[in-house]
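Structural overview for review
Take a look at the letters that make up each chain.
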Amino acid sequence: MLYPLTFKPILKSVIWGGSAICPFKGISPVQEGIGESWELSHVDGDYSIVAEGELANKSLDDLIKAYGKDLLGAHVMERFGTRFPLLIKFIDARDNLSIQVHPNDELAQKRHNSFGKTEMWYVIKADKEASLYSGFSKQITPDEYVERVKNNTIMEVLQRYDVNEGDVFFLPAGRVHAIGAGCFIAEIQQTSNITYRIYDYNRKDKNGNTRELHTELAKDAIDYTLYPDYRTHYKAHSNATVNLADCNYFTTNLIDMDAQMTRDFADLDSFVVYICMEGNATIRDNNGYEITVHQGQTVLIPATTTSVQLTPAPQAKFLEAYIK
């Protein structure tokens, strides 16, 4: 029988990684230079492995092959097949990351036989002057974009945001974006590894080479629409579900709780993911299976689960994600 599943984190050691992920997740000893923890992944070569219970050491791929729609939901499988459609990450940027854009499904399918990438960020912590980029600050054309990349003025037309804990940014495919130094975020994204690098501050590697840019590929992938604000605004409430994102690829809610809550999924034909952002809690499903989770853990609730009871001890904060 399926039950609430936790997975072993896939830690990514990178040159720009910081030291926040291990303490946040309670991993000892602390490893330096960890830029990402892939919490729930069905990316080829990086399948998540179950951490505990009867299915311990099975991969997410094994589970999908064995349980299919019982794990994912029939509706989810109709849309995404046997690929788990979300990739859940923690990202700790000690340095400015490159300016990027991701193609939409149509373009990614045509060019790479892949899904596109729509994603969202939730800021867990931010250094005093940390910032990130999302969207444009002025209207530009595709040809102006190419010219600005060539003459190193692309940063002048990107919208920069100073960020604080709890800030949310929704990043539909086509939106230019970048994480700045000092940002520690949770990322929920489509399962896709297609990234077009637009600009990398002319940084050179140890051999003196600049990184490859995907200027022409990105030109057709970018959404040049100018919006007045690219930040997601929401009102926080205790012991309630607060919607942060609602799109074709995921719905994400924030649950900040100090009292027991029951979530009813009887009418939802999808798995549910809980990412514990703060505190401790128990999650008990309708079959009586109970799991205790702490800050930094991610739990996958199978689609066959009709309800869960969340009990904070004494306080907990979750991101909750599923597919409508």
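Report on the accompanying structure.

Let's talk about the overall build of the protein
Assigned secondary structure in the protein consists of seven helices and 23 strands. The C-alpha atoms of the protein give a radius of gyration of 20 Å, which matches the 20 Å a tight globule of 324 residues would have. Taken along its principal axes, the extent of the C-alpha atoms in the protein is 60 × 40 × 40 Å. The buried share among the 324 residues of the protein stands at 53%.

Details of the pattern of salt bridges
Counted by the stated rule, this structure contains 19 salt bridges. Across the salt bridge formed by aspartate 162 and arginine 160, the nearest N and O atoms sit 3.1 Å from each other. Overlapping salt bridges, with partners in common, bring together Asp95, Asp200, Arg203 and Arg211 in one network.

Things to note about the side chain of threonine 215
Along the chain, the position of threonine 215 falls in helix 7 (residues 215-221). The contacts of threonine 215, once residues within four sequence positions are left out, are Tyr145, Val146, Val149 and Arg197.

Digging into helix 2 (residues 60-67)
Of the residues making up helix 2, those classed as buried are Leu60, Asp61, Leu63 and Ile64. The buried residues of helix 2 occupy one face: seen down the axis, they fall within an arc of 160°. In this structure, helix 2 carries Lys65 and Ala66 as exposed residues pointing more than 90 degrees from its buried face. Within two residues after helix 2, glycine 68 carries a phi angle of roughly 45°, on the positive side.

Observations regarding unusual backbone geometry
In this structure, proline 29 follows serine 28 across a cis peptide bond, with omega equal to -5°. Mapping proline 29 onto the fold places it in the loop between helix 1 (21-25) and strand 3 (34-40). A cis geometry characterises the amide bond from alanine 313 onward to proline 314, with omega recorded as -10°. Looking at where proline 314 falls in the secondary structure, it is placed in strand 23 (residues 307-322). Positive phi is not limited to glycine here, since asparagine 57 has a value of about 75°. Within the secondary structure, asparagine 57 sits in the loop between strand 6 (49-50) and helix 2. According to the relative accessible area criterion, asparagine 57 is exposed, its value standing at 54%. You will see that asparagine 239, though not glycine, has its phi angle at about 55°, which is positive.

Rules used in this analysis
Residues numbered from 1 in each chain as written. Predicted model: local features only at pLDDT ≥ 70, side-chain atom pairs only at ≥ 80, totals over all residues. Heavy atoms only, no water. Helix = DSSP H or I, 4+ residues; strand = E, 2+ residues; numbered from the N terminus. Rg over C-alpha atoms; globule rule 2.2 N^0.38 Å. Buried < 20%, exposed > 50% of the residue type's maximum accessible area, 1.4 Å probe, protein only. Salt bridge = Lys/Arg side-chain N within 4 Å of Asp/Glu carboxyl O. Contact = heavy atoms within 4.5 Å. Arc of directions from axis to C-beta.

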